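The primary structure of each chain is shown beneath.
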Amino acid sequence: MFNRNELKRLVEKEIKGDFFVPRHINSCFKNLDLIKESFFDEETVFAGIFLHSVGFPMSVKFNQDLISTSLNLGKKILVKSHFPMEKTEQVFYCIKESHLKGNPKTTESILVHDLNLLDEIGSIGIIKDIILFNSRKILFQKFLEEEKTKSFLLKKAFFSEKAKLLAGEKLILFDSFVSALEKELK
């Protein structure tokens, strides 16, 4: 039988010591109550929130793709936590579509996608981006171009109406950061 606490424990073990993921997961759960609009499968969203970024520490350390790493780790964690086999593909879909360019179609994947992005565009998300670019030894100008692209894409990235409303203030902060960086790099 599926045990949410066991899934949570396994994820916490995997991300132990990480600077971003534990806080990111908590933020996603806080925002879930603010953006949910209709019925959804709670187990799928629970697992999707916990697993969509579980591969972050490993992907940074070994310069791997976050989605692929999270999918691989997620498969192991779902099995160990006895997650319902018939719902695993739904969780994998949530993970695959959770990124900025994701195009989620199910209620569950839309929730995980929008929750992820709401946190990514806040001040902690900006810090995460800076740390990632620094760890990959990317020049400031390249970082600026990436953030400008992200800023442009974020304006149309949200699917749920409530997430769009919540994103408004955070998008202003994100755009202000990008503008300030651009001015300073001239």
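Residues numbered from 1 in each chain as written. Predicted model: local features only at pLDDT ≥ 70, side-chain atom pairs only at ≥ 80, totals over all residues. Heavy atoms only, no water.

Digging into the packing of aromatic side chains
Phase 1 of the analysis: Applying the stated criterion to the full structure yields nine aromatic pairs.
Phase 2 of the analysis: Aromatic pair Phe-29 and Phe-50: ring centres 5.4 Å apart, planes at 55°, arrangement tilted. Residue Phe-29 is located in helix H2 (residues 21-35), and its partner Phe-50 is located in helix H3 (residues 42-51); the two are separated by 21 residues in the primary sequence.
Phase 3 of the analysis: Three or more aromatic residues joined by ring pairs form one cluster here, namely Phe-19, Phe-20 and Phe-56.
Phase 4 of the analysis: The ring centre of Phe-46 lies 4.8 Å from the NZ or CZ of Arg-4, which sits over that ring.
Phase 5 of the analysis: Positioned over the ring face of Phe-92 is Lys-75, at 5.8 Å from the centre of the ring. (Phe/Tyr/Trp six-rings, centres within 6.5 Å; stacked < 30°, edge-to-face > 60°. Helix = DSSP H or I, 4+ residues; strand = E, 2+ residues; numbered from the N terminus. Lys NZ or Arg CZ within 6 Å of the ring centre and 35° of its normal.)

Notes on unusual backbone geometry
Phase 1 of the analysis: Phi at Asn-63 takes a positive value of approximately 50°, unusual for a residue other than glycine.
Phase 2 of the analysis: The residue Asn-63 is located in the loop between helix H4 (56-61) and helix H5 (66-80) in this model.
Phase 3 of the analysis: Classification of Asn-63 as exposed rests on a relative accessible area of 56%.
Phase 4 of the analysis: One non-glycine residue, His-82, lies in the positive phi region at around 60°.
Phase 5 of the analysis: Structurally, His-82 can be placed in the loop between H5 and helix H6 (88-96).
Phase 6 of the analysis: Residue class for His-82 comes out exposed when judged on its relative accessible area of 51%. (Buried < 20%, exposed > 50% of the residue type's maximum accessible area, 1.4 Å probe, protein only.)

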